[in-house]
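Below, each chain spelled out in residue letters.
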Amino acid sequence: MASRAGSLTASDLVAASLHGRKRDIGGGIFQALLILALFVSLLVLLVLLYDVISGGISVFSERGADFLRGRLSIVTAATAGVGQGIFGTLLLTVIVVLVAFPLGIAAAIYLEEFAEDTRFNRFINVNIRNLAGVPSIVYGLLGLAIFVKLLAEFTGGRTALAGGLTLAVLVLPIVIITSAEALRAVPHSIREAGYGVGATRWEVIRSHVLPSAAPGILTGTVLSLSRAIGETAPLLLVGAVTGFLASGGASLYEQLYGGYTALPVVIFRWASLPSQDFRALTSAAIIVLLALTLTANALAIILRNRYERKW
Amino acid sequence: MTSGAIDIGALQGSPQRRRRESLILRAFQLAAALSVLISAGIVFSLLGEAIVFLSNVDLSQLFAGGWYPRRGEFGIATIVTGTMVVTLVGMVVAAPLGLAAAVYLSEYAKPRVRRTVKPILEILAGIPSVVIGFFALTWISPEVIQRFFNDASAFNMAAAGLGVGILVTPLVASVAEDALRSVPQALREASVGMGARKRTTTLQIVLPAAVSGIVAAFIIGMSRAIGETMVVAIAAGGTGGSAFTVDPTGPGQTMTAAMTALAVGSDQVRGTDGTFQSLFFVGLLLFFITLTLNILSERFVRRVRQKY
């Protein structure tokens, strides 16, 4: 509202005369409060990053790659590392990608492209939205009851496979919802053009709809992946190892059907140890985790901004 | 094909193509139906063990003065109250911050500011809860809570609540912003045309018009806060058990933290005498509370959509 002398624009003049030359002090305060609220949220982010980085950076400068390769330990801080955690998180991520992405995208294609407005299909839609709001720890219970106990023959109990499947089920609703949104954004004219030249539904989807929706689908899946990477509670329930994990030289099969741990689980375990040495290690492990999830998030945001198309 | 007329068969396409088409449809349908199977799986796995728990445990223990599963005391009131305290503290932070951020982004921010601020909020939303938990324990608790309350313990529900609030703020902001932006521009223009100032327009026209969406944002935030696990498990203390307490400056136990405590305790979730099943009973309770809140918020969101 404060119009600088000399640079009065027409709208400033109109505003000033309409306001009876009274300054809108209340309005200014209101806007300042809004900005303050936003500023507080951003400040929290900065303080958090500063706190974590200043706490954990010494670990990297002192031990460097040794920390990234080190094995899980809750006893000796000097040799403990996040190697097994990183490996476990990557293994779980691969399972999530292989299971949740194809299923989620297929379900989204069905709901958006094939499903007619029947009662059952509406029920599926509502059901998926509700599943997306179920707390992650409840998915842990599901994993515990189904993948660890009921399907023990197939998963081998508390194994990386059971953990990965639990996370896959957890992110499935998010993958479906974001993919469905991306498909919905593709205009009908594109589909009709395909039908017009005699293509079947699947042909239209495969060669026109999916390529157009691909950036949107990719953004959603990457975001859900970042969610899966940071998820801790369900893994604790389905038996991610928190203390000591024997490993070394095992084949991929043995890794899948063996004990496992994950980066956020390591962080949780270390965070609950009272020793100062482990506090620094926790910060360092958080830096690694944030590097993974924030990279995934930033990638998704960049993808969206670059390919966001207005039809 | 010799005659000029086209027969029906030619229009239907090759049978092989049609067979492939219906096969694909079935496969996709199956993928979508799987989500129903997941819901059924959740309900049955929770219900089954919860019933076993209720039939084995001495029901009077559900109203015990504390939550000590290893001693056979399952005071539900203790963990429900703990959850309420943490959620309340969280919402005291997240509701005003989230709403203010939403109002600013939707009503005041220039497009360029919006484009830079929104991704930052999304990054805040993408920080894993275990990280916020560590932050709550090592920074919020000593630097904020213990500074204001000298006798607060290192593990306290207020710090956990603030952490949960940080976690929920971006969610509240994003849902509330959607609601504000769906208020038709014509309403704002009519108000400004009458000579109302920006603040008056925002407070008396836009906010009332979007109120059900804002309520939905608060409810979704609450549901998320209630289900939040890692922040509370790390920062609120109460490993092993807790007595009934409403004091936010002291340690406490929430439903979710009680579950992780059972899962990572020394005797793990194998458990004897009902500790294992109590996990599922608490989970069932949590599931129904959050489901009710989610359905409620969905109602409110739909009301906005119907209106405009």
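Computed from a predicted model, the values in this text were never measured in an experiment.

Participant: Can you tell me about the overall build of chain B, naming the residues and giving the values?
Facilitator: Along its length, chain B carries 12 helices and three strands. The globule rule puts the C-alpha radius of gyration for 308 residues at 19 Å, and the 26 Å found for chain B is more than 25% above it. Principal-axis analysis of the C-alpha atoms gives chain B an extent of 90 × 60 × 30 Å. Sorting the 308 residues of chain B into buried and exposed places 53% on the buried side. Considering only intrachain contacts with a sequence separation of at least 6, the fraction spanning at least 24 residues in chain B is 74%. For chain B, the exposed surface amounts to about 14000 Å²; the carbon and sulfur share of it is 64%. Taken together, the 25 basic and 17 acidic charged side chains of chain B have centroids lying 14 Å from each other.

Participant: Kindly report on the packing of helix α10 (residues 201-230) of chain A against helix α14 (residues 276-307) of chain A, identifying the contributing residues and their values.
Facilitator: All names here are of chain A. In the contact formed by α10 and α14, the axes pass within 9 Å of each other and the chain directions differ by 165 degrees. Here α14 runs roughly antiparallel to α10, going by the angle between their axes. Along this stretch, α10 crosses α14, giving a crossing that reads as left-handed. Across the interface between the two elements, Pro215, Leu218, Thr219, Val222, Leu223, Ser226, Ile229 and Gly230 from α10 touch Leu289, Leu292, Thr293, Ala296, Asn297, Leu299, Ala300, Leu303, Arg304 and Tyr307 from α14.

Participant: Lay out the pattern of salt bridges with the relevant residues and their values.
Facilitator: All names here are of chain B. Per the counting criterion, the structure on display carries 13 salt bridges over all chains. Where arginine 188 meets glutamate 107, a salt bridge forms, and the shortest distance between an N and an O atom there is 2.8 Å. Within this pair, whereas arginine 188 is found in helix α7 (residues 185-193), its partner glutamate 107 is found in helix α3 (residues 76-108), the two being separated by 81 residues in sequence. With a relative accessible area of 10%, arginine 188 lands in the buried category. Arginine 181 is the partner of glutamate 177 in a salt bridge, and the nearest nitrogen-oxygen pair spans 3.8 Å. Taken as a pair, glutamate 177 and arginine 181 lie in helix α6 (residues 157-181) at a separation of four residues, close to a single helical turn. For arginine 181, a relative accessible area of 45% puts it in the partly exposed group. Through salt bridges with shared partners, a single ionic network connects Arg114, Lys118, Glu177 and Arg181.

Participant: Account for the domain arrangement of chain B, with residues named and values stated.
Facilitator: All names here are of chain B. When cut into domains, chain B gives domain 1 (12-56) and domain 2 (60-304). Contact residues are listed per partner, giving 10 residues for domain 1 and 11 residues for domain 2. Summing both partners gives a buried area of about 950 Å² for domain 1 against domain 2, and 89% of it is carried by carbon and sulfur. When the buried area of domain 1 at its contact with domain 2 is split by residue, Leu46, Glu49 and Phe53 rank highest and sum to 60% of it. Linking domain 1 to domain 2 there are zero salt bridges. Counting across the domain 1 and domain 2 interface gives zero residue pairs in polar contact (both at pLDDT 80 or more).

Scoring rules and cut-offs
Residues numbered from 1 in each chain as written. Chains lettered and ligands numbered in written order. Predicted model: local features only at pLDDT ≥ 70, side-chain atom pairs only at ≥ 80, totals over all residues. Heavy atoms only, no water. Helix = DSSP H or I, 4+ residues; strand = E, 2+ residues; numbered from the N terminus. Rg over C-alpha atoms; globule rule 2.2 N^0.38 Å. Buried < 20%, exposed > 50% of the residue type's maximum accessible area, 1.4 Å probe, protein only. Contact = heavy atoms within 4.5 Å. Areas by Shrake-Rupley, 256 points an atom, 1.4 Å probe, with all protein chains shown as cover. Lys, Arg positive; Asp, Glu negative; His and termini not counted. Charge placed at Lys NZ, Arg CZ, Asp CG, Glu CD. Axes fitted to C-alpha atoms, helices over the stretch in contact; angles between N-to-C directions. Parallel < 35°, antiparallel > 145°, perpendicular 65-115°, else oblique. Left-handed = near helix turned anticlockwise from the far one by under 90°. Salt bridge = Lys/Arg side-chain N within 4 Å of Asp/Glu carboxyl O. Domains from an automatic or database assignment. Buried area = accessible area lost by both parts, 1.4 Å probe. Polar contact = N/O pair within 3.5 Å; in protein donor to acceptor, adjacent residues only side chain to side chain.

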